[in-house]
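Each chain is listed here by its residues.
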Amino acid sequence: MTPDAISTVPLWVQGAAMPPPSTQAVPASVDVLIVGAGYTGLAAARETAAAGRSTLVLDAGALGAGCSSRNGGQVAYSIKPSFETLRAKFGADVAFGICREGLDAVTYLRSLAQEIDCEWRAAGCFFGAHTARHFSRMVRDAQNQPRGLEQKIEIVPKAEQHGEIATDFYHGGCVYPDDASVDPARLLLGLERRALESGASVVDRCPVSAIERTGDGFAALTPRGVVQARQVLLATNGYSGPLSPWHRRRVIPIGSYQIATEPLGAERVRALIPRGRNIVDSRRVVVYFRPSADGERIVFGGRAALAEKDPLVCVPRLRQMMERILPQLKSARVSHAWVGWVAYTFDTLPHLGRHDGIYYCMGYCGQGVPLAPYFGKRIGQQMLGLKEGQTALDGLPFPSRPYYYGKPWFLAPSVLAYRLIDALGL
Ligand SMILES: Cc1cc2nc3c(=O)[nH]c(=O)nc-3n(C[C@H](O)[C@H](O)[C@H](O)COP(=O)(O)OP(=O)(O)OC[C@H]3O[C@@H](n4cnc5c(N)ncnc54)[C@H](O)[C@@H]3O)c2cc1C
């Protein structure tokens with residue numbers, strides 16, 4: 001298949017009942033204005049609207065134009081720093097609380113999936129060890145989980161690995177049987193429906209270009225008019241642009257690239273990943289893949305370029321990465337390729353709170369499928385002044401770095417260094 005024949009629309013969006021472009025005017029005033037119609041913004045909107053606050057969600061692009069329609073749909077415990085790292089920094093209680101939020105986020109999404117048809121598949125995840133040393137570390141970590149934060153983990157020695165994935169690329173690994181996957185677009189549409197049913201309005205293709213303080217709130221400038229709002233939430237994550245330079249200095253947009261193979265047939269996919277699990281591995285430059293929801297394709301993602309590129313340009317590199325693990329896919333054609341901007345933070349933690357009176361919730365470091373709906377709900381509750389909205393992350397500093405203004409000039413050297421570390425098997 002030539003690059004021209006590859007669709008750059010995410011696989012999930014192509015088959016989803018996405019709403020037509022909105023044409024409505026924006027109201028002159030609302031109680032709550034939310035910038036960003038992804039998982040975070042929609043989850044927050046549901047809370048504020050259900051409490052009777054007039055709520056408007058605006059997005060610069062289509063509904064979920066950011067990561068929320070572009071992700072891999074993998075659901076896992078998603079707090080990046082280890083308990084030990086967090087304990088050294090914040091003390092045991094805060095560290096425990098932060099890690100608990102990560103577990104609660106998965107539990108919350110699992111319960112949400114009872115209400116929203118988002119193709120929840122509780123197939124678990126295989127975490128492949130890139131080296132024998134990584135495998136030993138996995139075994140050690142599995143045996144020494146902090147008390148109260150235990151997850152079910154099953155060790156898979158190399159000799160049994162083919163029961164998980166038809167490859168000799170890994171040195172064994174472990175299975176997280178409670179991990180799951182969702183259809184990202186269905187989750188998005190489900191969250192939108194809940195927000196709308198609660199009374200919120202969602203207007204797409206309506207960028208907010210400026211927010212100014214007024215006597216009793218804010219005025220937001222949009223191409224469809226000025227909106228006065230008592231409260232504003234920035235739910236812009238990796239798409240946080242010049243609208244708020246303070247936030248832009250605190251999130252690092254990083255391109256994550258995905259490809260989907262053409263339908264291979266469920267039998268062929270099952271032969272590759274017999275238990276239909278998500279697959280990730282222990283390299284610094286992470287790859288992640290899984291069977292599509294219908295079990296017919298492999299959807300494969302990772303960091304495919306040093307600097308950001310057109311997703312079509314990244315197809316050969318992603319293919320190469322995929323075929324190193326699964327050489328059986330050498331003849332498989334790629335039908336879709338797309339990219340989205342995840343939001344890293346300098347301490348690899350999500351952040352939520354209020355700056356200069358404006359609420360924010362962002363920085364999931366590529367793991368927002370469970371975290372964004374969960375923290376979106378929490379920040380919505382905080383905007384209502386509810387105690388349930390409190391989180392262990394409240395009040396933590398949201399760090400930036402000198403000379404960082406939103407363009408991650410350090411990304412290419414960092415990825416290069418990580419690739420070297422991976423190649424050396426460290
Ligand atoms: C390729 C890829 C794979 C991923 N895979 C996974 C995965 O398997 N598991 C996982 O947990 N996470 C994954 N993620 C991350 C996850 O998708 C995100 O963390 C999550 O969707 C973030 O949701 P959000 O609502 O905070 O942000 P987004 O969905 O990115 O939404 C932000 C929105 O803000 C809008 N916006 C920005 N500025 C303005 C403005 N001025 N005016 C109006 N609107 C504005 C944007 O248009 C955008 O729609 C992946 C991400 C990508 C890109």
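These figures come from a predicted structure and were not determined experimentally.

What counts, and where the lines are drawn
- Residues numbered from 1 in each chain as written.
- Predicted model: local features only at pLDDT ≥ 70, side-chain atom pairs only at ≥ 80, totals over all residues.
- Heavy atoms only, no water.
- Near = heavy atom within 4 Å.
- Polar contact = N/O pair within 3.5 Å; in protein donor to acceptor, adjacent residues only side chain to side chain.
- Areas by Shrake-Rupley, 256 points an atom, 1.4 Å probe, with all protein chains shown as cover.
- Helix = DSSP H or I, 4+ residues; strand = E, 2+ residues; numbered from the N terminus.
- Nonpolar A, V, L, I, M, F, W, Y, C, P; charged D, E, K, R; others polar.
- Salt bridge = Lys/Arg side-chain N within 4 Å of Asp/Glu carboxyl O.
- Buried < 20%, exposed > 50% of the residue type's maximum accessible area, 1.4 Å probe, protein only.
- Patch = residues over 30% accessible without salt bridge, like charges linked within 9 Å, V, L, I, M, F, W, Y side chains within 5 Å.
- Lys, Arg positive; Asp, Glu negative; His and termini not counted.
- Charge placed at Lys NZ, Arg CZ, Asp CG, Glu CD.
- Pairing = 2+ DSSP bridges.
- Expected span 1.5 Å × (residues − 1).
- Arc of directions from axis to C-beta.
- Contact = heavy atoms within 4.5 Å.
- Phe/Tyr/Trp six-rings, centres within 6.5 Å; stacked < 30°, edge-to-face > 60°.

## Let's talk about the site of the ligand
So, step 1. Around the ligand lies a shell of 36 residues, among which Thr-40, Asp-59, Ser-68, Gly-72 and Gln-74 are the nearest.
So, step 2. Asn-71 places a polar side-chain atom, nitrogen or oxygen, 3.2 Å from an oxygen atom of the ligand.
So, step 3. Contact between the ligand and Tyr-239: a nitrogen atom at 3.4 Å from a main-chain N or O atom of the residue.
So, step 4. The protein chains hide 95% of the 1000 Å² of surface that the ligand would expose on its own.
So, step 5. At the level of elements, helix H2 (39-50), strand S12 (252-261), strand S16 (334-344) and helix H10 (368-383) are the ones that each hand at least two residues to the shell around the ligand.
So, step 6. Broken down by element, the residue count for the shell around the ligand peaks at four residues, all from H10.
So, step 7. Of the residues contributing to the shell around the ligand, the split by class is 17 nonpolar, 17 polar and two charged.

## Some details on the pattern of salt bridges
So, step 1. This structure, assessed with the given rule, holds 17 salt bridges.
So, step 2. For the salt bridge of Arg-194 with Glu-115, the shortest nitrogen-to-oxygen distance reads 2.4 Å. On the criterion of sequence distance, the pair formed by Arg-194 in helix H6 (residues 184-197) and Glu-115 in helix H4 (residues 92-115) is long-range, its members being 79 residues apart.
So, step 3. Owing to a relative accessible area of 8%, Arg-194 belongs among the buried residues under this scheme.
So, step 4. Here Glu-115 falls in the partly exposed class, since its relative accessible area comes to 48%.
So, step 5. For Asp-117, the salt bridge is made with Arg-186, and the minimal N-O distance between the two is 2.8 Å. With Asp-117 in the loop between H4 and strand S4 (125-128) and Arg-186 in helix H6, this pair connects stretches of sequence that are 69 residues apart.
So, step 6. Accessibility expressed as a relative area gives 53% for Asp-117, which makes it exposed.
So, step 7. Three or more residues are tied together by salt bridges with common partners; here these are Arg-46, Glu-47 and Lys-377.

## Describing a positive patch on the surface
So, step 1. Residues Arg-133, Arg-137, Arg-140 and Arg-284 make up a contiguous surface patch of positive charge.
So, step 2. Arg-137 sits in the partly exposed class, given a relative accessible area of 36%.

## Description of the pairing of strand S6 (residues 173-176)
So, step 1. Burial along S6 is two-sided: Gly-173 and Val-175 and Cys-174 and Tyr-176, pointing in opposite directions, are all buried.
So, step 2. Summarising the sheet, S4 and S6 pair through four bridges and their orientation is antiparallel. Opposite Cys-125, over in S6, you have Tyr-176 as the bridge partner.
So, step 3. Of the pairings in the sheet, the one linking strand S5 (residues 154-156) to S6 comprises three bridges and is antiparallel in character. Within S6, the residue paired with Glu-154 across the bridge is Val-175.

## Brief notes about a nonpolar patch on the surface
So, step 1. Taken together, the side chains of Tyr-403, Tyr-405 and Trp-409 define a hydrophobic patch exposed on the protein surface, amounting to about 470 Å² of accessible area.
So, step 2. Among the structural elements, Tyr-405 can be located in the loop between H10 and helix H11 (411-424).

## Let's talk about H11
So, step 1. In this model H11 runs 20 Å from its N-terminal to its C-terminal C-alpha over 14 residues, within 8% of the 20 Å that 1.5 Å per residue would give.
So, step 2. Those residues of H11 that fall on the buried side of the exposure criterion are Leu-411, Val-415 and Asp-422. Down the axis of H11, the buried set is contained in an arc of 30 degrees. They therefore lie on one face. Residues of H11 that are exposed and point more than 90 degrees away from the buried face comprise Leu-420, Ala-423 and Leu-424.
So, step 3. Lining the buried residues of H11 we find S12.
So, step 4. One or two positions beyond H11, positive phi appears at Gly-425, with a value near 70 degrees.

## Notes on the environment of His-351
So, step 1. Turning to its location among the elements, His-351 is positioned in strand S17 (residues 351-355).
So, step 2. Of the residues examined, His-351 reaches a relative accessible area of 3% and is grouped as buried.
So, step 3. A sequence separation of 115 residues divides His-351 from Thr-236, and the C-alpha atoms of the two residues are 12 Å apart.
So, step 4. Look past the residues within four positions of His-351 in its chain and what remains in contact with it is Thr-345, Tyr-360, Cys-361, Met-362, Leu-396, Pro-397, Phe-398 and Pro-399.

## Some details on the packing of aromatic side chains
So, step 1. This model, assessed by the stated rule, comprises 13 aromatic pairs.
So, step 2. Here Trp-12 and Trp-338 contribute two aromatic rings whose centre-to-centre distance is 6.2 Å and whose plane-to-plane angle is 80 degrees, an arrangement assigned as edge-to-face. Taken together, the residues span a long stretch of sequence, with Trp-12 in helix H1 (residues 11-14) and Trp-338 in strand S16 at a distance of 326 residues.
So, step 3. Residue classification places Trp-12 among the buried positions, given a relative accessible area of 5%.
So, step 4. Ring centres of Phe-127 and Tyr-176 lie 6.5 Å apart, and the angle between their planes is 55 degrees; this geometry places the pair in the tilted category. Residue Phe-127 is located in strand S4, and its partner Tyr-176 is located in strand S6; the two are separated by 49 residues in the primary sequence.
So, step 5. The partly exposed category is assigned to Phe-127, whose relative accessible area is 22%.
So, step 6. The rings of Tyr-108, Tyr-374 and Phe-375 are connected pair by pair, giving a single aromatic cluster.

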